[in-house]
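# Survey of secondary and tertiary structure
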2 protein chains.
Amino acid sequence: MENNYCIIMAGGVGSRFWPYSRTARPKQFLDFLGTGRSLLQMTFDRFAGIVPTENIYIVSNQAYRDLILEQLPELRPEQVLLEPLRRNTAPCIAYAVYKIKARTDKANILVVPSDHLITKEETYRNVLRECFAFIANNDELLTLGMKPTRPETGYGYIQIGEGGGLLRKVKTFTEKPNLEMAKLFVDSGEFFWNSGMFLWNLDTIVKAFETHLPEIAATFAAGADYYNTPAEEHFIAEAYATCQNISIDYGVMEKATNVYVMMADFGWSDLGTWGSLYEISDKDPDGNATLHGRSLNYNCHDNLVVLPSGKIAVLQDLDNYLVAEEGNVLLVCKKDEEHKLRQYVTDVEMQFGKEFV
Amino acid sequence: MENNYCIIMAGGVGSRFWPYSRTARPKQFLDFLGTGRSLLQMTFDRFAGIVPTENIYIVSNQAYRDLILEQLPELRPEQVLLEPLRRNTAPCIAYAVYKIKARTDKANILVVPSDHLITKEETYRNVLRECFAFIANNDELLTLGMKPTRPETGYGYIQIGEGGGLLRKVKTFTEKPNLEMAKLFVDSGEFFWNSGMFLWNLDTIVKAFETHLPEIAATFAAGADYYNTPAEEHFIAEAYATCQNISIDYGVMEKATNVYVMMADFGWSDLGTWGSLYEISDKDPDGNATLHGRSLNYNCHDNLVVLPSGKIAVLQDLDNYLVAEEGNVLLVCKKDEEHKLRQYVTDVEMQFGKEFV
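Moving on: helix 7 (residues 214-221) of chain A. Residues and elements named next belong to chain A. For helix 7, the complete set of buried residues consists of Ile216, Ala217 and Phe220. Axial view of helix 7: buried residues confined to an arc of 100 degrees, hence all on one face. If you follow the buried residues of helix 7, they end up packed against helix 3 (89-101), helix 6 (202-212) and helix 8 (232-242).

Rendered as structure tokens:
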């Protein structure tokens with residue numbers, strides 16, 4: 001276990017949960033389930049006994065440094081990697097990988113997002129233990145494939161190769177399919193959701209960067225003498241100024257030939273939208289879900305209501321609405337038209353100012 | 001002017017503006033228009049130059065004593081009359097009248113509710129001056145009749161007698177009419193809304209109590225030696241324990257034969273319901289009114305939105321709704337079904353407790 005490392009990607013700033021999430025407090029820092037722990041904290045908690053605390057790295061943004069150290073006081077400041085710019089997942093992972101390389105030459109590394117939900121935690125932890133054991137002994141790039149439960153068109157899919165067992169060589173990565181294709185994928189039993197969680201050992205991922213993203217490899221390898229020193233911040237500022245904006249999926253995983261997938265089913269949700277939160281929430285017999293606060297519903301159906309805890313709502317004659325209140329904003333809109341949310345947020349910032357977004 | 005007195009009735013505890021109004025802070029104490037002054041304060045302000053401040057009495061409830069003195073620091077505590085029980089308007093007025101009688105034998109008295117809105121204040125003040133002049137010289141009971149602007153079925157009406165001018169002998173008081181009748185009333189030009197504002201001189205109202213409500217007259221006359229002394233509170237507690245629960249309209253005005261009405265039109269609203277607040281509010285071209293806070297409305301029509309100031313709402317696909325947020329409560333319900341509100345408030349108290357009502 002002492003060679004196990006984890007890179008938690010926590011730089012997201014999405015507005016898909018506005019007004020609950022805000023620019024100053026994005027999704028990963030929020031206590032979505034009202035458990036007292038944010039998604040980031042829940043992510044961190046899952047690695048107890050699997051990855052030593054001192055081997056956990058958070059990659060995020062300068063703006064969230066204090067929030068991260070406040071939510072995870074177990075971390076030393078040097079475990080929080082601060083990107084000066086957002087450059088997608090490949091540079092984010094390369095930064096952390098080369099920083100780990102400057103500290104050790106033997107590491108088995110797990111990469112995970114900070115803002116996903118996992119309901120079957122023990123299953124998840126067992127899967128991770130198996131995966132760590134695999135990459136400790138195999139120079140493969142391993143990705144976690146989620147058993148699909150619906151023909152979701154918002155995710156990429158991974159097609160598994162032939163063979164037995166849950167660990168398979170990857171046949172193809174696919175982009176987000178249309179609904180017809182997604183249905184075929186799910187029915188086939190050969191396609192799994194790409195969860196954005198990866199494992200590999202240090203040598204393997206470094207070789208993969210050198211092979212498939214040589215510029216990024218060169219950029220971050222050049223920092224070997226600066227990582228974990230006062231010069232790191234300046235070096236990283238310069239590195240990011242010029243480095244490519246590219247995802248690890250597109251830049252590495254889809255190009256490499258040594259990619260494996262672990263098929264798994266541990267109640268995963270990427271919590272991508274209000275709708276996905278509604279899907280996994282407890283509902284009353286009329287299909288209304290109320291989170292954090294409480295509500296009385298009169299002739300209401302299929303609503304998602306999210307209130308500050310301690311607050312109540314009385315609702316009448318609403319079907320299929322999202323009612324979300326947080327801080328200085330109240331949102332009441334159709335739940336199945338949440339693609340409009342981005343426009344609302346833009347309009348609000350234009351009309352009322354930054355303090356509302 | 002030094003003989004002019006005013007009795008402001010401020011004991012109401014209605015739930016018709018819940019959740020904006022609360023048991024602990026009823027309508028009269030709220031800054032409805034966002035002007036910085038509550039309805040009670042605005043009522044008080046209207047008498048500047050007409051009634052000396054030391055002649056203004058507020059009749060309310062023990063629970064609101066501190067709130068009243070906080071909102072009206074111009075008053076001495078003995079100007080705030082505290083009813084131990086709610087017993088409708090006749091005892092409320094009798095208490096104040098007999099307390100004034102213990103102080104003076106010459107008073108021209110105006111009685112007004114504390115929770116109504118008046119938009120044409122100068123007209124109102126001119127009407128009051130005329131009315132005071134009339135009752136100073138005539139032993140009549142005078143009521144203010146509001147020129148009706150719609151066939152309102154929620155008010156009582158006053159039918160005027162024959163004659164000229166704006167001051168007429170009252171022919172009849174009527175109960176709340178049905179819609180057909182209300183239309184006839186309005187079209188006739190002979191019927192005026194009963195506003196609940198009265199003027200009379202001390203001798204005349206005392207005689208009216210003695211004639212029409214002799215028990216109440218006897219009860220409060222018996223306190224002559226206790227008013228304005230430390231014994232007043234104890235006396236009043238005993239007086240209220242046994243006294244009748246009856247309105248001044250039913251107990252005095254509808255029975256007396258010396259009743260006059262001043263016809264007037266000064267932008268009066270009793271602000272009886274959320275609907276009446278909507279009627280008098282500024283609206284956008286789609287009929288949406290937003291009070292205190294601000295809102296962005298997408299495909300919304302004819303809504304009333306009441307938010308804490310500084311707060312915004314984003315609303316989509318709502319027609320004819322009331323959206324009201326205050327403190328620990330959010331209410332979203334059909335605006336034209338506000339008669340259901342009382343039930344909601346009862347349900348909320350049962351399910352969630354007193355702190356929400």
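From this point on, the discussion continues.
Attention now goes to the relation of the copies chain B and chain A. Turning chain B through 180 degrees and shifting it by 0.2 Å along the axis lays it on chain A, with an RMSD of 0.1 Å. Here the symmetry operator amounts to a two-fold rotation axis. Looking at chain B, 100% of its interface residues are interface residues in chain A too, so the copies touch through the same face.

For an interface, size is often stated in terms of accessible area lost upon the parts coming together. If you look at the interface, chain B gives 34 residues, while chain A gives 34 residues. Between chain B and chain A, a total of about 3,000 Å² is buried, with carbon and sulfur atoms accounting for 61% of that surface. Counting the surface chain B buries against chain A, the share from its top three residues, B:Ile312, B:Gln316 and B:Leu330, is 23%. Run the count over chain B and chain A and you get 2 salt bridges. Here B:Lys311 makes a salt bridge to A:Glu325, at a shortest N to O gap of 2.6 Å. The tally of links from chain B across to chain A stands at 24 residue pairs in polar contact (both at pLDDT 80 or more). Looking at the side of chain B that touches chain A, the elements that each hand over two or more residues are strand 13 (294-298), strand 15 (312-316), strand 16 (321-326), strand 17 (329-334) and helix 11 (341-352) of chain B. Ranked by residue count, the leading element in the side of chain B that touches chain A is strand 17 of chain B, at 6 residues. Residue composition of the side of chain B that touches chain A, by class: 20 nonpolar, 6 polar and 8 charged.

With that settled, consider the state of the cysteines. Linking two cysteines covalently through their sulfur atoms gives a disulfide. Counting across every chain of the model gives 0 disulfides over all chains. Residue A:Cys243 stays outside any disulfide, its sulfur separated by 10 Å from that of A:Cys92, the closest cysteine. You can see B:Cys131 has no disulfide; the closest cysteine sulfur is in B:Cys6, sitting 13 Å from it. The exposure class assigned to B:Cys131 is buried, which follows from its relative accessible area of 0%.

Bringing the confidence of the model for chain A into the picture now. In this model, chain A carries a mean pLDDT of 96, and residues with pLDDT of at least 70 account for 100%. Two numbers describe this predicted complex: its pTM, 0.87, and its ipTM, 0.87.

It is worth spelling out the pattern of salt bridges at this point. Here the structure, examined in full by the defined rule, presents 26 salt bridges over all chains. Residue A:Lys120 is joined to A:Asp265 by a salt bridge in which the shortest nitrogen-to-oxygen separation is 3.9 Å. Of the two residues, A:Lys120 is situated in the loop between strand 5 (117-118) and helix 4 (121-137) and A:Asp265 in the loop between strand 10 (259-264) and strand 11 (268-269); the sequence distance between them amounts to 145 residues. On the accessibility criterion, A:Lys120 (40% relative accessible area) is partly exposed. With a closest N to O distance of 3.0 Å, B:Arg150 and B:Glu152 form a salt bridge.

Position of B:Ser281 relative to the elements: it lies in the loop between helix 10 (274-280) and strand 12 (289-291). Other than its neighbours up to four places away in sequence, B:Ser281 contacts B:Ala289 and B:Leu291.

Turning to the sheet that holds strand 17 (residues 329-334) of chain A, a few remarks are in order. Through backbone hydrogen bonds, the strands of a sheet pair up, either in parallel or in antiparallel fashion. The strand order across the open sheet built from 6 strands is 12(A)-14(A)-16(A)-17(A)-15(B)-13(B), with neighbouring strands paired in mixed fashion. Unpaired on one side and paired on the other, strand 12 (289-291) of chain A together with strand 13 of chain B mark the two borders of the sheet. Strand-to-strand twist of the sheet, defined as the mean angle between neighbouring strand axes without regard to direction, takes the value 10 degrees. With 5 bridges joining them, strand 13 of chain B and strand 15 of chain B adopt parallel strand pairing. What sits directly across from B:Asn297, in strand 15 of chain B, is B:Leu315.

Once that is clear, we can look at the sheet that holds strand 14 (residues 304-306) of chain B. Pairing is mixed across the open sheet formed by 6 strands, whose spatial order is 13(A)-15(A)-17(B)-16(B)-14(B)-12(B). Strand pairing shows two members of the sheet lacking a second neighbour, strand 13 (294-298) of chain A together with strand 12 of chain B, which therefore form its edges. Here the strands of the sheet are splayed against their neighbours by 10 degrees on average, with no regard to which way each runs. Judged from the 6 bridges that link them, strand 16 of chain B and strand 17 of chain B form a sheet pairing that is antiparallel. Across the sheet, the residue bridging to B:Ala324 is B:Leu331, located in strand 17 of chain B. On top of the sheet, helix 11 of chain B reaches strand 13 and strand 15 (312-316) of chain A together with strand 17 of chain B; it is set at about 145 degrees to strand 13 of chain A, its chief contact.

Thresholds, definitions, all that
Residues numbered from 1 in each chain as written. Chains lettered and ligands numbered in written order. Predicted model: local features only at pLDDT ≥ 70, side-chain atom pairs only at ≥ 80, totals over all residues. Heavy atoms only, no water. Buried < 20%, exposed > 50% of the residue type's maximum accessible area, 1.4 Å probe, protein only. Helix = DSSP H or I, 4+ residues; strand = E, 2+ residues; numbered from the N terminus. Arc of directions from axis to C-beta. Contact = heavy atoms within 4.5 Å. Least-squares fit on C-alpha atoms with pLDDT ≥ 70 in both. Buried area = accessible area lost by both parts, 1.4 Å probe. Salt bridge = Lys/Arg side-chain N within 4 Å of Asp/Glu carboxyl O. Polar contact = N/O pair within 3.5 Å; in protein donor to acceptor, adjacent residues only side chain to side chain. Nonpolar A, V, L, I, M, F, W, Y, C, P; charged D, E, K, R; others polar. Disulfide = S-S within 2.5 Å. pLDDT = per-residue confidence, 0-100. Pairing = 2+ DSSP bridges. Axes fitted to C-alpha atoms, helices over the stretch in contact; angles between N-to-C directions.

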